[in-house]
Amino acid sequence: MSSSKILRTLAQAILAPLIALIVSVIVTSIVVSIAGASIGDFWDVIFTVPTHRNWVNITNQSSMLFLAALAAAIGFRMNLFNIGVEGQYTLAAFAAAAFAGAGWLPGKLNIVGALLVAMAVGAIWAGIAGVLKVTRGVSEVISTIMLNAIAGTMIGYLLNNYGNQYGQGRRTTPIPGSSQLSGWTPWSAGDGPIWTLTILAVLAGVTMSIVINRTRFGFDLRATGMNEDAAVASGVKVKRMVVISMLISGAIAGLVWMPALFGAADYYGPPFQRALGFTGIAVALLGRNRPLGIFFGAVLFAWLSEQANPLSLVADISPSVVQVTQGVVVLAVVIAYEVVRRWMAAYEQRELKQALGTEVRA
Amino acid sequence: MLPNIEEGILRRLSKIAVVAVVASLALTGCGKNDDKKGSSSGSNDVCKSAKGDGPKVGLAYDVGGRGDQSFNDSAYAGLKKAVEDLKATCVEGEASDGEAESAREDRLKNMADQGLNPIIGVGFAYSDAVNAVAPNYPKINFGVIDGFDPDDKPNANVAYLGFAENEGSYLVGVAAALKSKAGNIGFVGGVHNDLIKKFEAGYVAGAKSVKPGIKIQIKYIQESDLKGFGDPAGGKAAATAEYDAGADVVYHAAGASGSGVFDASVDAGDGKWAIGVDSDQYLTASKTQQPHILTSMLKRVDVATFNMIKSVADSSPLTSYQTYDLAHDGVGYSTSGGFVDDIKAQIDEAASKIKSGEVKVPVKPGA
Amino acid sequence: MSAAVTEGDTTAGAPSGGVVVRDILKQFPGVVANHDVNITIRPGTVHALIGENGAGKSTLMKILYGVQKPDAGTISVDGTEVTFSSPTDAIKAGIGMVFQHFMLADNLTVLENVVLGAERLHGIGDAARAEVARISDAYGFGLDPDMLVERLGVGQRQRVEILKVLYRGAKIIILDEPTAVLVPQEVDALFDNLRELRASGHTILFISHKLDEVLDIADDITVMRRGQTVGEADPKTATKKQLAELMVGSELPSPETEESTVTDHVLLALEHVGVVDDTGRPVLKDITFSIRKGEVLGIAGVEGNGQEELVETIMGMYRGTGRITLDGKDVHHWDTRDRREAGIGFIPADRHKHGLLLDAPLWENRVLGHQTRPPGSNGLFITASDAKADTERIVREYDVRTPSINTNARALSGGNQQKLIVGREMSGDPVLLIASHPTRGVDVGAQAAIWDHIKRARREGLAVLLISADLDELIGLSDTIEVILRGALVGRFDPQSVTPQELGSAMTGGGDA
């Protein structure tokens, strides 16, 4: 049995992603050829060995995608669909940038303060949806989508009225130099630094991995996700769990843009990178809501986005095509896992029958 | 457990919603791609056939790229002219939605590494990226349409190509006020930022210069989210509200959302006008929309693009702030359709007053 | 046994058409849902299929309607043997089904709902409308084809469902507990419709556990218990009491009654406990009883009379009025976890719904319900190695047949899942065990083992609240039996002297005892 268990784990771990990858390569190739471009050129660009500069960018982007996906995954693990990571990280990024820009705290303390502000703002924004769900029965899908829109409008209002003029747009006050983090430059300066706060992704990943898999809280969370009725009967207070998970999910979402804020941007303004929250949801699905899976998913997505950039320069293909690839990968993974899971379940059942004889008959 | 039936349904709904989110992620890509089909891969791309010995131009488009019938296409028109008149060759890049700042920098670096000169970023979003990249390539000249210098350190090899949109808007404001029978006109902005407020300010000033008591309705589609420039449904809703409230001319500064404004003018019926923006939108509008497009405020991105390339070809590259105003033929209004022929004299009179400095057009609303 | 009830030999009598089901066997992974199922449905009759929840009625229905395929056995329709691989095949053979939960689109009209999916028969135009109107008139349904379904009442919606299967040409109509959702007047109307259908030559298979209704409408009755058909009855002569006996069974080997171990120490006391459901309807009324250490209190009752609510109220999943004390302490403000920590073990009626994480390994299921206590956790972290060691113990002591404690619970058979739950709930020195149908759906061997465990715990001073549909189990294990009917306790019996017949009569309201 143990060998079949290993086989099963292997199949789940390798077979499903492999099937998914092959399917998405085929589908993307079809899309590329329908768009009238060369399939060979496309994959050539995507699979070019990344330059140093690309590696730095892939690392930085992966860290932010990982945090966004982790935030979404916390909720998914207990069937809470926090679609609002987008709004949570945007609002948190704005609040943290404004806080750090004000420079109330000296030097590095300012960074710690800003991180706490970001987590608090993200948590509160997500918490609203959690509280609405347990007190009023509002689906968190609906409320978080609405909160996304409210966050965008609110930031616009605040920037327009209190932001600094910045070219044709507005921004928050840049954070003082003493509170900026130069990051680690593995190669030449021209290739850019890996941001210091990418470490947040590692810390959050390890912490969440332990919390979910090893603690009582994590057990309650997973139990609620697997079988809410059984969780209730086992003594889990589901309403409280809903609020706490939303708070945690939102707090992690709050951290999403922090690596970029202190590593590169120094302010919240027009170059702010949108859509990380939505992409994070896709990455969470891709990684099956497990931190390790999410890690691979985030690297894959970051790789695709980064490599797609020269598409229009080199192969005359719109880089948007790569978003098709990303979407297809997610769908293919979800489907492939389900297929492999069913196949494995049937296989296990057969093995069990053989191993235990015909005891099944009443 | 009685309450669980409902929750079960909700959970299923949630799952459906997530699938929808994923699907839409896939579909946004799809949509974009379809838009691009005709242009990006088609043989009509001038960069594919260009074989001259003139300047080697790098043109980095904003989101939407070539084929947006607006800003990016206008830049392409300038590039095409450069290829024809200056024997230029070219390479094009395009931004994707929600991309990282590093992706923009990367695009410019890739172009610089290929030895292109000049390199032009289309859209103010390239300002930071150019500022970060330009110092590393002192021999290459950069231009940013609508751009600005983000810090105090001036770059000797960067030109910021700005436009006096307020002046062009003033002229169509004059046209709107003259054409309005109801004494009630409207404005629809895509995003409530300083750039679009400049359009609003000029339009209001122009209209009031003709009819001081005119009623002007102002609406914005989005407060800060740039998707206000790509939301035809939002544009239609805003414009419809203004027509319903009595406006008979509506001017939009909302990018691709403008097609919704045109639709609203068609729905509002005969005698209701819409005014286009950036390029002569009468030419790209549908047959049913055309009778409603009074004029368009022209923002000559093509002129700015061509001038930038020409300056490099002439070995006297443009640097620092360049303002394309009425006097420099950087903004204007279109006459296609012939609907403003009867008031052309009055509009041109307003234009000459601005050129002579007799009239100063405000850049901020309420000024 | 009365002459009208023939137990066992259901194969007697030559089929003259209609539906004949022979020796159906259906196994799900680890569970036998149907075996030795034999039914002969005469054409042009209303045939009732009765049995407790979980007796295998639904599985049989799904087999007849082609939703599931039997592992063995045959089905014949009008003398021809048939095999269904989908409901489409069943419909072709003239079998239609009306589910308990209606499958109608609210925002479509009656006509659209009926035609949906059957557009080929009469198109979607006037021909279809005429056909719908014709059927509606013929059987007195009184449905307006153009009425939106969302504006119809429950009884009318049910008639739309019946109309749907008639429209598709069904001659044999299966109705799954059709009266469960109806008020008495609607039941009468439904029965009038059914009689019309029977008069016009349709055959109806009527599934229910409401004995009054069955006796009222049926021409023949088949009884199912524990996955098999156990007898037939003639409604003209059979009594409710006899049917109840057949349903709950009284021929199985009884668990032996043992010497009383009841002490004077009251462990659980309920005083005037009442609960209302979401709609304000009372589901528990003025419940008062107490259980002492070493005592097993059995609750007898037809399912759906408040047993679930009673259990969940004691577990803290429902809040009611009245007072509940555990070992003298008022537990009103305790939540479920507090109550579990105080030593309440809970074997739920539906183990898949309330008792297990099917996709988690056995050792994690061992932790479930004990998240706050050793060996499952130290309060903050899950102590996996301790939990695994204790799971090994349960697997050993309770004879849980599993390849490993890392196997997912889903892979185990029902009996082994139940033994795991019993082992878990007996762990950690419980003072009170709430056992809801502890041996339902488990095989005979596991049943005896679970009985032994409950008896042993009782000897050691455990207080047990036992809820069961199996009267023999109740009589054999309990020190006292209370009968619950419509949310109230209506009778108290001494298991030493009571008979299943007396209990059955009390459970049905004393009708014809």
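Residues numbered from 1 in each chain as written. Chains lettered and ligands numbered in written order. Predicted model: local features only at pLDDT ≥ 70, side-chain atom pairs only at ≥ 80, totals over all residues.

1. Digging into the sheet that holds strand 13 (residues 282-292) of chain C
Residues and elements named next belong to chain C.
At step 1: Reading across from one edge, 13-12-15-16 is the order of the 4 strands in this open sheet, with antiparallel pairing throughout. Single-partner strands in this sheet number two, and they are strand 13 and strand 16 (329-330).
At step 2: Across 7 bridges, the pairing between strand 12 (residues 266-276) and strand 13 is antiparallel. Note that in strand 13 the partner of Val266 across the bridge is Arg292. (Pairing = 2+ DSSP bridges. Helix = DSSP H or I, 4+ residues; strand = E, 2+ residues; numbered from the N terminus.)

2. A short note on the pairing of strand 21 (residues 488-493) of chain C
Residue and element names in this part refer to chain C.
At step 1: With 5 bridges joining them, strand 20 (residues 480-485) and strand 21 adopt antiparallel strand pairing. Residue pairing in the sheet places Val483 in a bridge with Gly491 of strand 21.
At step 2: Following strand 20, the chain reverses through 2 residues before pairing antiparallel with strand 21; Arg486 in that reversal takes a positive phi of roughly 45 degrees.

3. A short note on the interface of chain A and chain B
How large an interface is tends to be reported as the accessible area lost when its parts come together.
At step 1: Taken residue by residue, the interface counts 54 residues in chain A and 51 residues in chain B.
At step 2: Mapped by element, the contributors of at least two residues to the side of chain A that touches chain B are helix 3 (52-77), helix 6 (140-162), strand 2 (169-171), helix 11 (258-265), helix 12 (276-286), helix 14 (311-314) and helix 15 (321-356) of chain A. (Contact = placed C-beta atoms within 7 Å.)

4. Quick notes on the domain arrangement of chain B
Residues and elements named next belong to chain B.
At step 1: By the assigned domains, chain B splits into domain 1 (47-164 + 303-312 + 319-323) and domain 2 (165-298 + 329-356).
At step 2: The gap between the C-alpha centroids of domain 1 and domain 2 is 28 Å.
At step 3: Of the residues lining the interface, 10 residues belong to domain 1; the matching set on domain 2 comes to 12 residues.
At step 4: Secondary structure elements with two or more residues in the side of domain 1 that touches domain 2: helix 3 (71-86) and helix 10 (301-313).
At step 5: Considering each element in turn, the side of domain 1 that touches domain 2 owes the most residues, 3 residues, to helix 3. (Domains from an automatic or database assignment.)

5. Quick notes on the nonpolar core
At step 1: Counting residues in hydrophobic clusters, the biggest one holds 263 residues, and the most contacted among them are Leu67(A) and Ala68(A).
At step 2: At 14 residues, helix 3 of chain A tops the list of elements feeding residues into this core.
At step 3: When neighbours within four sequence positions are excluded, Ala68(A) is seen to be in contact with Val85(A), Tyr89(A), Ala253(A), Val256(A), Leu276(A), Gly277(A), Thr279(A) and Gly280(A).
At step 4: By size, the runner-up hydrophobic cluster in this structure holds 105 residues, among which are Val172(B), Ala176(B), Ile221(B) and Ala274(B). (Core = buried A, V, L, I, M, F, W, Y, C linked by C-beta atoms within 7 Å. Buried ≥ 20, exposed ≤ 12 C-beta atoms within 10 Å, placed from the backbone.)

6. Quick notes on unusual backbone geometry
At step 1: Note that the residue after Asn117(B), namely Pro118(B), is joined by a cis bond; omega there is 5 degrees.
At step 2: Omega for the bond connecting Pro374(C) with Pro375(C) falls within 30 degrees of zero, at 0 degrees, which places this linkage in the cis form.
At step 3: Within the secondary structure, Pro375(C) is located in the loop between helix 13 (362-367) and helix 14 (384-397).
At step 4: Not every positive phi belongs to a glycine, and Ser315(B) is a case in point at roughly 60 degrees.
At step 5: Tracing the backbone shows Ser315(B) in the loop between helix 10 and strand 11 (320-324).

7. So, the environment of Arg170(A)
At step 1: Tracing the backbone through its elements, the reader meets Arg170(A) in strand 2.
At step 2: Taking the C-beta count within 10 Å as the criterion, Arg170(A) has 22 such neighbours and is therefore assigned buried.
At step 3: With 144 residues separating them along the chain, Arg170(A) and Val314(A) place their C-alpha atoms 34 Å apart.
At step 4: Filtering out sequence-adjacent residues up to four positions away, Arg170(A) remains in contact with Leu159(A), Asn160(A), Gly163(A), Asn164(A), Gln165(A), Gly269(A), Asn193(B) and Asp194(B).

8. Here we look at the sheet that holds strand 2 (residues 89-94) of chain B
Residue and element names in this part refer to chain B.
At step 1: Strand order across the open sheet formed by 6 strands is 2-1-3-4-5-11, with parallel pairing between neighbours. Strand pairing shows two members of the sheet lacking a second neighbour, strand 2 and strand 11, which therefore form its edges. When the angles between neighbouring strand axes are averaged without regard to direction, this sheet yields 20 degrees. (Axes fitted to C-alpha atoms, helices over the stretch in contact; angles between N-to-C directions.)

9. A word on helix 10 (residues 238-255) of chain A
At step 1: Helix length check: helix 10 of chain A, at 18 residues, gives a terminal C-alpha distance of 26 Å against a target of 26 Å (1.5 Å per residue), a fit within 8%.
At step 2: Here helix 10 of chain A lies mainly inside the structure; 13 of its 18 residues are buried. (Expected span 1.5 Å × (residues − 1).)

10. Regarding the packing of helix 3 of chain A against helix 13 (residues 291-308) of chain A
All names here are of chain A.
At step 1: Put simply, helix 3 and helix 13 touch, their axes get as near as 7 Å, and they point 135 degrees apart. One finds that helix 3 runs oblique with respect to helix 13. Handedness of the helix 3/helix 13 crossing: right-handed. Residues Asn54, Asn57, Ile58, Gln61, Ser62, Leu65, Phe66, Ala69, Leu70 and Ala73 of helix 3 form the contact with helix 13, whose own contacting residues are Pro291, Ile294, Phe295, Gly297, Ala298, Val299, Phe301, Ala302, Trp303, Ser305 and Glu306.
At step 2: Grouping the constituent residues of the contact of helix 3 with helix 13 by class yields 14 nonpolar, 6 polar and 1 charged. (Parallel < 35°, antiparallel > 145°, perpendicular 65-115°, else oblique. Left-handed = near helix turned anticlockwise from the far one by under 90°. Nonpolar A, V, L, I, M, F, W, Y, C, P; charged D, E, K, R; others polar.)

11. Brief notes about the confidence of the model for chain B
Parts of the model with low pLDDT should not have their predicted coordinates read in detail.
All names here are of chain B.
At step 1: Confidence in the prediction of chain B, expressed as mean pLDDT, is 85, and 88% of residues score 70 or more.
At step 2: Put simply, helix 1 (residues 4-40) is where chain B has its lowest mean pLDDT, 44, and strand 3 (residues 119-121) is where it has its highest, 96.
At step 3: Counted against residues more than four places away or in other chains, residues 1-14, with its pLDDT under 50, gives 11 contacts.
At step 4: This model gives residues 25-43 a pLDDT under 50, and the stretch forms 43 contacts once residues within four places in sequence are excluded. (pLDDT = per-residue confidence, 0-100.)

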